[in-house]
Every structure is written in C-alpha cells, then in structure tokens.
Amino acid sequence: MSVECFVTGGSGFVGQHLLARLTAAGYKTWVLMRTPGKIERLRKQVGQLGGNPGCIHPVEGDISREGLGLSEAGKQCVSSVSVIFHLAAEFSWGLSMERARAVNVQGALSVAKLAASQRIRLLMVGGFMLQNHKHLASIGVDEECPENTNWPSVYGRVGGYEGSKIESHFAVIRYMQDAGADCTIVHPATVCGHSESGHILEGQPLVELIRNLAQGRFRAVPGSSRHWLPIVSVDYLVAMMTHVAFDPSMANRQALALYEHTLSLQGMLEQIAGTLEVKAPRRHIPIGLLRWLLMIPGLAARFAISAESLDFIQTQRFDMSNSEQLERKYQLTHPDMARALEKTVRYVVDHFPH
Ligand SMILES: NC(=O)c1ccc[n+]([C@@H]2O[C@H](COP(=O)([O-])OP(=O)(O)OC[C@H]3O[C@@H](n4cnc5c(N)ncnc54)[C@H](OP(=O)(O)O)[C@@H]3O)[C@@H](O)[C@H]2O)c1
C-alpha cells in the first residue's frame, strides 16, 4: 500500500515545493484547500516543479473553521495518512491579533487535534525566531511556563503574524504532550527560491527585499555590519521536512533549517545589488531609529517596509549542532547559496518586475 500524506498550506510557496517532493516520491497526497476548484492550477504548478500531479487530491476545508470544516468524506481521507504536514498560515504583516489568533493559533490547534485524535504524526512548520531564545525572553515569552506569557503584550511588540507563530508553537506542543501524541517541528529561516530554478512566489519577504533594492528604496542597511537575515533554500527546507517527518527518532523534536553561512545583511544586499546591477546601500541605520521613523505616517509605505519585518534582522547566531547531525544522517547539504540567491533574484526580475 502506498504511503499517504495530508498537507495544509499546499498552495503556498513552501507547500508547492513540498507537494512536488512528496508526489515525486510517489506519496498519495491530500491537500486541504479553501477553494478546491483551484486544484487543476495547483496540479499544474506542482508538475512544473517536478512533482507528479496525479498524486494530488483536494480536501475542502479551512483551518480557521471548527474541525477544519472537514466533511465526513474529508475526515475519511485523512484517516489513512501517515503524516500531517501543517504549513497553512496567514503570512502577512499588519494582521490584527484577533485574526492572527483565529487562523494561526486556533487553526494550528485544530490540526493538532485532528492528528492526535487519529494518532497521526504531525509535522509542523514554525520559524527560526523560535530558536532565538534571547529574543523570545526580550519580548516577554516565558519558555519554561508559556501559560505565564502575557500574549497581548507579545503581539504588541512583534505584530500579529510573529506573535501568533510563537503562541501557536507553544500551544501545539502543550496540546500534543497532554494528548500523548507525536509532533515534530521544523523552523525555517527566511525562505529563498529554489536553488536550480530560483522559483519563488510573490508575497514572500525575500521578493519584497529584492524589489525594494531594485527600485532604489533601500537608502541604508538596517542594523550594523553584524546584523543578518538568515536564509534557507526552499529545496533544502522541504528535503529536511520530509526526512524528519518519516524519522521515528524525530518524534517530539525540533529542527532548524537555516544556512549558517548566510552573509551579513550588508553582504547579502551587495550580492543582490550586483545581480540587479544597481548600487547597494553603504550607510547603516540603527534598527531602533528605523523602527521609530516607520511610525511616521506614510513612511512605511514609501519605503515599502514594515516595522514587523525588522524583528527578523538580528545579530544572534544559532546552535547548529543538531541540524548538522541531521544533515549527516540524511546526507543532506545546503546548495550553493550564493547561486541560489542569484537565481532567485533573476526569477523575481523575470516574473514580478513591478
Ligand atoms: N516563507 C518564509 O520565509 C517562512 C519562514 C519561516 C516560516 N514560514 C512558515 O512556513 C509556512 C509556509 O509558508 P509559505 O511561505 O509557504 O506561506 P504562503 O506562501 O503565504 O502560503 C500560505 C498557505 O496557507 C494557506 N492558508 C492560509 N489561510 C488558510 C486557512 N484559513 N485555511 C486553509 N489554508 C490557509 C494558503 O492557502 P490559499 O491558497 O487558500 O491562500 C497557502 O496555501 C507558514 O507556516 C509560515 O509561517 C515561512
């Protein structure tokens, strides 16, 4: 019997690449879709990424609805899967706390409930800031006792998207522990396009950064010469996700998918600018000052930058020993990231010029 998987967020950027990888390996894959009528378009996209469109089947639902809004037939489809990959999230800046909680926190909990009730392994996608313990403490997250965290205050500090990613992470871990069910979490850095094709979707943070540089909106480098925005290629990320999802020893463990040798933000901007054949900014602006400037009405729109995105630019380095162990075990290596970034820039220029 073939292995079956269930994926939320399959139409998104990471989701499309995950579907390509799972279906190329022959896994029958059910995809939760708010609009199942878009399945042919999704099949085509996944086919173009090297997947097998015939292995993809839609299940109608919405993570913000009770029980994911699954019909009895939908529940039946899920009952035969080996792994649930939870990627769906409302991924944008400026989300209200209510909206972010309804989709990203309650939605993740509904997916966790489904996995736990049917004893299905859950693979959830978090974010690399969840491995930045100093940052979590600085914004008031109590990692030892998350229920003591003042969540509205955390949302006030980091915004709806990041606040809800952090809250959902701890809420799902607690739920799965209480239910005695298995959960594995992968934390990606900011995701860069595919290392061969440069494929990326509009709306991704890296696309915005490339466009801002192309359109001369970057007058200064946020932060110091030590600040960086860690990246990972989407192909490395989905490879890591599939390996850990089927690895019994990864039950209730977490993995960081991040290219440790990512250049400083200044170096990365210089590389992108070189590909774009534009000038890279040389001056630096302290993040605190930029954050303050962005509160001036109209400036955030003029610079096409959101204060929320600045939280991801940090000086913190990460403990990569666990990821390195996993890379050895799965014989997984990061692609040439200078080339992956160059391909991504060219893809953005060719596909989303404005
Ligand atoms: N990309 C990054 O740089 C990055 C970095 C760290 C972590 N992550 C995490 O990785 C995951 C995937 O990110 P991505 O970049 O692939 O996001 P994305 O391209 O914005 O895709 C989001 C996906 O979620 C689905 N979705 C949103 N609301 C939903 C709802 N109420 N019910 C069902 N599906 C819903 C969307 O479906 P529709 O097609 O219906 O809109 C889409 O498939 C997210 O959890 C994100 O937080 C991403």
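Structure: above.
Not measured: the values here are computed from a predicted model.

1. So, the pairing of strand β2 (residues 28-33)
No. 1: Of all six residues in β2, five are buried; the element is thus mostly enclosed.
No. 2: Sheet analysis places strand β1 (residues 4-8) next to β2, joined by five bridges and oriented parallel. Paired with Phe-6 across the bridge in β2 is Trp-30.
No. 3: Viewed along the sheet, the connection from β1 through helix α1 (residues 13-24) into β2 turns out right-handed.
No. 4: Read as a crossover between parallel neighbours, the route from β2 over helix α2 (residues 39-48) to strand β3 (residues 56-60) is right-handed.

2. Examining the packing of aromatic side chains
No. 1: In total, this model carries ten aromatic pairs according to the counting rule given.
No. 2: Here the aromatic rings of Trp-228 and Phe-318 are separated by 6.3 Å at their centres, their planes lie at 50°, and the arrangement is tilted. Of this pair, Trp-228 sits in the loop between β8 (221-222) and β9 (231-233) while Phe-318 sits in the loop between α13 (307-310) and α14 (321-330); the two residues are 90 residues apart in sequence, bridging distant segments of the chain.
No. 3: Trp-228 gets classed as buried once you look at its relative accessible area, which sits at 1%.
No. 4: Grouping aromatic residues by their ring pairs yields a cluster made of Phe-91, Trp-93, Phe-128, Tyr-161, Trp-228, Phe-312 and Phe-318.
No. 5: Against the face of Trp-228 rests Arg-317, its NZ or CZ located 3.6 Å from the ring centre.

3. Regarding the site of the ligand
No. 1: Taken together, 23 residues surround the ligand, and among them Ser-11, Arg-34, Asp-62, Tyr-161 and Gln-204 come closest.
No. 2: Contacts to the ligand include Gly-12, whose backbone N or O atom sits 3.0 Å from an oxygen atom.
No. 3: Contact distances for the ligand include 2.9 Å between an oxygen atom and a backbone N or O atom of Leu-87.
No. 4: Within the complex, 85% of the 910 Å² of free accessible area of the ligand lies under protein.
No. 5: Breaking the shell around the ligand down by element, the ones donating at least two residues are α1, α7 (160-179) and β7 (190-192).
No. 6: Broken down by class, the residue content of the shell around the ligand amounts to 13 nonpolar, seven polar and three charged.

Reading guide: rules and limits
Residues numbered from 1 in each chain as written. Predicted model: local features only at pLDDT ≥ 70, side-chain atom pairs only at ≥ 80, totals over all residues. Heavy atoms only, no water. Buried < 20%, exposed > 50% of the residue type's maximum accessible area, 1.4 Å probe, protein only. Helix = DSSP H or I, 4+ residues; strand = E, 2+ residues; numbered from the N terminus. Pairing = 2+ DSSP bridges. Right-handed = clockwise from strand over helix to strand, strands pointing away. Phe/Tyr/Trp six-rings, centres within 6.5 Å; stacked < 30°, edge-to-face > 60°. Lys NZ or Arg CZ within 6 Å of the ring centre and 35° of its normal. Near = heavy atom within 4 Å. Polar contact = N/O pair within 3.5 Å; in protein donor to acceptor, adjacent residues only side chain to side chain. Areas by Shrake-Rupley, 256 points an atom, 1.4 Å probe, with all protein chains shown as cover. Nonpolar A, V, L, I, M, F, W, Y, C, P; charged D, E, K, R; others polar.

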